[in-house]
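Now for the letters of each chain:
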Amino acid sequence: MKLKDGIVCEKIGGEFVAVATGELSRSFHGLIRGNATMSYILSLLSNDMTEDELCAAMLEKYDISEDIARRDIRILTEKLSAAGLLE
Amino acid sequence: MRTIAEELKERGAVIYTTVGVSMEPLLHERETLVEIHKPDGALKKHDIALFMRSNGDLVLHRVRRVCGGYYLICGDNQTVSERVDAAQILGVVRRFFRNGKWTDVGNRRYLCYVHIWCALFPFRRYITAVLRRLKIMR
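The structure presented is a predicted model; accordingly, all values stated were derived computationally and were not measured.

Overview of the overall build of chain B
Counting its regular elements, chain B contains three helices and eight strands. Reading chain B from its N terminus to its C terminus gives the helix and strand order α-β-β-β-β-β-β-β-β-α-α. The C-alpha atoms of chain B give a radius of gyration of 15 Å, which matches the 14 Å a tight globule of 138 residues would have. When its C-alpha atoms are laid out on the principal axes, chain B stretches across 45 × 35 × 30 Å. A buried classification covers 43% of the 138 residues belonging to chain B. Expressed as a percentage of contacts within chain B between residues at least 6 apart in sequence, the contacts between residues at least 24 apart total 51%. For chain B, the accessible area works out to roughly 7800 Å², and carbon and sulfur atoms hold 53% of it. In chain B, the 24 positive side-chain charges and the 14 negative ones have mean positions that sit 7 Å from each other.

What about unusual backbone geometry?
Residue and element names in this part refer to chain B. Residue Pro 25 follows Glu 24 across a cis peptide bond; omega there is 5 degrees. Residue placement: Pro 25 occurs in the loop between strand S1 (13-17) and strand S2 (33-37). We note that Arg 30 has phi near 65 degrees; this positive angle belongs to a residue other than glycine. When you line up the elements, Arg 30 lands in the loop between S1 and S2. Arg 30 sits in the buried class, given a relative accessible area of 14%. Positive phi values are uncommon outside glycine, yet Asn 99 reaches one of about 50 degrees. Mapped onto the elements of the fold, Asn 99 is located in the loop between strand S7 (89-98) and strand S8 (101-104).

Brief notes about the interface of chain B and chain A
Taken residue by residue, the interface counts 14 residues in chain B and 15 residues in chain A. When chain B packs against chain A, the two sides together hide about 1200 Å² of surface, and 60% of this comes from carbon and sulfur. Among the residues chain B hides against chain A, the three largest losses belong to Arg 11, Ile 15 and Arg 30 of chain B. Together they make up 45% of the total. Between chain B and chain A we count three salt bridges in total. Glu 15 of chain A is paired through a salt bridge with Arg 11 of chain B; the nearest N and O atoms lie 3.1 Å apart. Along the contact surface separating chain B from chain A lie eight residue pairs in polar contact (both at pLDDT 80 or more). Elements represented by at least two residues in the side of chain B that touches chain A include exactly helix H1 (4-11), S1, S2 and S7 of chain B. A per-element tally of the side of chain B that touches chain A places S1 of chain B first, with four residues. A class-by-class count of the residues in the side of chain B that touches chain A yields seven nonpolar, one polar and six charged.

Describing the confidence of the model for chain B
Across chain B, the average pLDDT comes to 92, with 99% of residues at 70 or higher. Averaged pLDDT values for the elements of chain B fall to 84 in H1 of chain B and rise to 97 in strand S5 (residues 70-74) of chain B.

Observations regarding the pattern of salt bridges
Residues and elements named next belong to chain A. This structure, assessed with the given rule, holds 16 salt bridges over all chains. For the salt bridge of Glu 66 with Arg 70, the shortest nitrogen-to-oxygen distance reads 3.0 Å. Residue Glu 66 and its partner Arg 70 are located together in helix H4 (residues 66-82), separated by four residues, close to a single helical turn. Taken together, the shared-partner salt bridges in this structure form one network comprising Glu 51, Asp 52, Glu 66, Arg 70 and Arg 74.

Scoring rules and cut-offs
- Residues numbered from 1 in each chain as written.
- Chains lettered and ligands numbered in written order.
- Predicted model: local features only at pLDDT ≥ 70, side-chain atom pairs only at ≥ 80, totals over all residues.
- Heavy atoms only, no water.
- Helix = DSSP H or I, 4+ residues; strand = E, 2+ residues; numbered from the N terminus.
- Rg over C-alpha atoms; globule rule 2.2 N^0.38 Å.
- Buried < 20%, exposed > 50% of the residue type's maximum accessible area, 1.4 Å probe, protein only.
- Contact = heavy atoms within 4.5 Å.
- Areas by Shrake-Rupley, 256 points an atom, 1.4 Å probe, with all protein chains shown as cover.
- Lys, Arg positive; Asp, Glu negative; His and termini not counted.
- Charge placed at Lys NZ, Arg CZ, Asp CG, Glu CD.
- Buried area = accessible area lost by both parts, 1.4 Å probe.
- Salt bridge = Lys/Arg side-chain N within 4 Å of Asp/Glu carboxyl O.
- Polar contact = N/O pair within 3.5 Å; in protein donor to acceptor, adjacent residues only side chain to side chain.
- Nonpolar A, V, L, I, M, F, W, Y, C, P; charged D, E, K, R; others polar.
- pLDDT = per-residue confidence, 0-100.

Encoded structure:
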């Protein structure tokens, strides 16, 4: 899976916000709020990656269990998929 | 889904993709993001304000003049100012994202653009006509 072109994630206040620009903003008008982990997963998804690859990258960066990494990845990718932001 | 006004009220700040060409040549339709904050106090001349018209439209235009209790506001791509009461102001732009990078409204190059563009206001109609013909702006 890969993030469609046009998503920008930025820290605002104490949290991260992802919004659409360009053509993608015609179909996605909202914003997705999250933490630094969301920002990291979004940056990984600028390249085509499988859930296993995302999980491996998460385990390398954060001191968390595989279960938690997969749970976080699924929560975010389901949200992105529902919003039509994944290729 | 919550509105921008609700987001600003609750969170104090919001990022938003600009729509429309009234702030060209600075803000490009659907290509520029703006970070808008709830204002701390009265706006200053040249601030970019988010306000709500009486018909409910949300508009992002620049303050041309600060008057007692109201502002004269005009888009960078417009030649007619409108009166906006202080109560209509919802937020003010702190920075914008264009061409892959964020620019703070305190940035020197940006301030240079603002001062020159606003000083040329009496000639804006002719300048924008030329820029549109050269396809530099929409």
